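Below are the chains, spelled out letter by letter.
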Amino acid sequence: GNSVTQMEGPVTLSEEAFLTINCTYTATGYPSLFWYVQYPGEGLQLLLKATKADDKGSNKGFEATYRKETTSFHLEKGSVQVSDSAVYFCALKDTDKLIFGTGTRLQVFP
Amino acid sequence: DAGVIQSPRHEVTEMGQEVTLRCKPISGHNSLFWYRQTMMRGLELLIYFNNNVPIDDSGMPEDRFSAKMPNASFSTLKIQPSEPRDSAVYFCASSFSGHPNYGYTFGSGTRLTVV
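As the structure is a computational prediction, the values presented were derived from the model and not from experiment. (Residues numbered from 1 in each chain as written. Chains lettered and ligands numbered in written order. Predicted model: local features only at pLDDT ≥ 70, side-chain atom pairs only at ≥ 80, totals over all residues. Heavy atoms only, no water.)

**Considerations on the sheet that holds strand β7 (residues 56-59) of chain A**
Residues and elements named next belong to chain A. Rules: Two strands pair under a simple rule: DSSP has to find at least two bridges between them. In this text, helices come from DSSP runs of H or I with a minimum length of four residues, and strands from runs of E with a minimum of two, each type numbered from the N-terminal end. All axes here are fitted lines through C-alpha atoms, helices being fitted over the stretch that makes contact, and every angle between N-to-C directions spans 0 to 180 degrees.
One open sheet holds the 4 strands; their spatial order is β3-β9-β8-β7, and the pairing between them is antiparallel. At either margin of the open sheet sits one strand with a lone partner, and together these are β3 (19-21) and β7. Taking each pair of neighbouring strands and ignoring which way they run, the sheet shows an average axis angle of 20°. Pairing geometry for β7 and strand β8 (residues 62-65), over 4 bridges, is antiparallel. Across the sheet, the residue bridging to Lys56 is Thr65, located in β8.

**Concerning the interface of chain B and chain A**
Convention followed: Contacts are assigned to residue pairs with any non-hydrogen atoms lying within 4.5 Å of each other. Buried area is calculated as the accessible area (1.4 Å probe) missing from two parts once they are joined, with the contributions of both summed. Should a side-chain nitrogen of Lys or Arg be within 4 Å of a carboxyl oxygen of Asp or Glu, the pair is scored as a salt bridge. Amino acids outside the nonpolar list (Ala, Val, Leu, Ile, Met, Phe, Trp, Tyr, Cys, Pro) and the charged list (Asp, Glu, Lys, Arg) are all regarded as polar, and Gly is one of them.
With 23 residues of chain B at the interface, the matching set in chain A holds 18 residues. With both chains or domains summed, chain B and chain A bury close to 1500 Å², and 49% of this area falls on carbon and sulfur atoms. When the buried surface of chain B facing chain A is broken down by residue, Pro100, Asn101 and Tyr104 of chain B rank first, second and third, together holding 33% of it. The tally of links from chain B across to chain A stands at 1 salt bridge. Where Lys97 of chain A meets Asp56 of chain B, a salt bridge forms, and the shortest distance between an N and an O atom there is 3.3 Å. The set of elements that each furnish at least two residues to the side of chain B that touches chain A consists of β4 (31-38), β5 (42-50) and β9 (88-95) of chain B. Per-element accounting of the side of chain B that touches chain A gives the leading share, 4 residues, to β5 of chain B. Partitioned by chemical class, the residues of the side of chain B that touches chain A number 11 nonpolar, 10 polar and 2 charged.

**Things to note about the environment of Phe33 of chain B**
Examined against the element boundaries, Phe33 of chain B turns out to sit in strand β4. What Phe33 of chain B contacts, discounting residues up to four positions off in sequence, is Asp96 of chain A together with Leu45, Ile47, Tyr48, Phe91, Cys92, Ala93, Ser95 and Tyr104 of chain B.

**Digging into the sheet that holds strand β8 (residues 74-79) of chain B**
Residue and element names in this part refer to chain B. The sheet built from 4 strands is open, its strands ordered β1-β3-β8-β7 with antiparallel pairing. The sheet is open, and its two edges are formed by β1 (5-7) and β7 (65-71), each paired on a single side. With strand direction ignored, the average angle separating the axes of adjacent strands in the sheet is 15°. In the sheet, strand β3 (residues 19-24) pairs with β8 via 5 bridges, with the strands oriented antiparallel. Directly across from Arg22, in β8, lies its bridge partner Thr76.

**What to know about the state of the cysteines**
This is how it is decided: A pair of cysteine sulfur atoms is labelled a disulfide when the two atoms are within 2.5 Å. Burial classes: relative accessible area under 20% of the type maximum marks a residue as buried, over 50% as exposed, and values in between as partly exposed (1.4 Å probe, protein chains only).
Tallied over the entire structure, the rule returns 2 disulfides over all chains. A disulfide bridge connects Cys23 of chain A with Cys90 of chain A, and the sulfur atoms are separated by 1.9 Å. Every disulfide takes its handedness from the sign of the S-S torsion; for Cys23 of chain A and Cys90 of chain A that torsion is -70°, giving left-handed. Here Cys23 of chain A is found in strand β4 (residues 23-26), whereas its partner Cys90 of chain A is found in strand β10 (residues 86-93), with 67 residues between them in sequence. Owing to a relative accessible area of 1%, Cys23 of chain A belongs among the buried residues under this scheme. One disulfide in the model links Cys23 of chain B with Cys92 of chain B; its S-S distance is 1.9 Å. The disulfide joining Cys23 of chain B to Cys92 of chain B has a torsion of about -65° about its S-S bond and is therefore left-handed. Here the residue Cys23 of chain B occupies a position in strand β3, and Cys92 of chain B occupies one in strand β9, the gap between them amounting to 69 residues. Cys92 of chain B shares its class with Cys23 of chain B; the two are buried.

**Let's talk about the pattern of salt bridges**
Residues and elements named next belong to chain B. Counted by the stated rule, this structure contains 12 salt bridges over all chains. The partner of Glu44 in a salt bridge is Arg36, with the nearest N and O atoms 3.1 Å apart. Here the two residues Glu44 and Arg36 agree in accessibility, since each one is buried. Across the salt bridge formed by Arg85 and Glu62, the nearest N and O atoms sit 3.3 Å from each other. Taken together, the positions of Arg85 in the loop between β8 and β9 and Glu62 in the loop between β6 (53-56) and β7 put the pair 23 residues apart, joining distant regions of the chain. Take Glu62: its relative accessible area is 27%, and that puts it in the partly exposed class. Residues joined in a network through salt bridges with shared partners are Glu62, Arg64, Glu83, Arg85 and Asp86.

Next comes the structure, spelled out in structure tokens:
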């Protein structure tokens, strides 16, 4: 069945450091891929998405490229801020259901 | 657009009491999802509806949990009787069914504490 695997956290970085959070997926067919972010005490918010191979999703300085050959959708940001501290969820969707990864907590220190 | 609206934001109840959580999806969305989030188990899909019809309730933990969607603009998740292990944050989300490119829009959640 379809599944998403994320790197375990927490990821701890200093402000302005480069961020990568790894995400790989297993799917039949050609799913759409998503990154969601959850700030403390809030619900999940859509951060970015990509709907086909080689698409790049981007938002708020974050980027992720849909790589069909490596079945990956890694999240990157060139310079993180303290305000980026949150839990990040990778997800895939084939028809109606989103399949989420377990989430990766990012902690950014000044 | 007010987004997905959940109520209450916080609920504290005693073991054995009935709890009802409410959700108003985004107007025009025809899929609705109930999730539970805990530190131990992460994010769990409990049930989802398409066009007000329950499609998959395999995630509902036991018969104490029930969910309804009487119309396109309202859904409830009920726990009767509640137990301390039901303490969690419950999220509602909505989307368009049959559109793989659309993600979900989540509500802010209801934090349930059963004492």
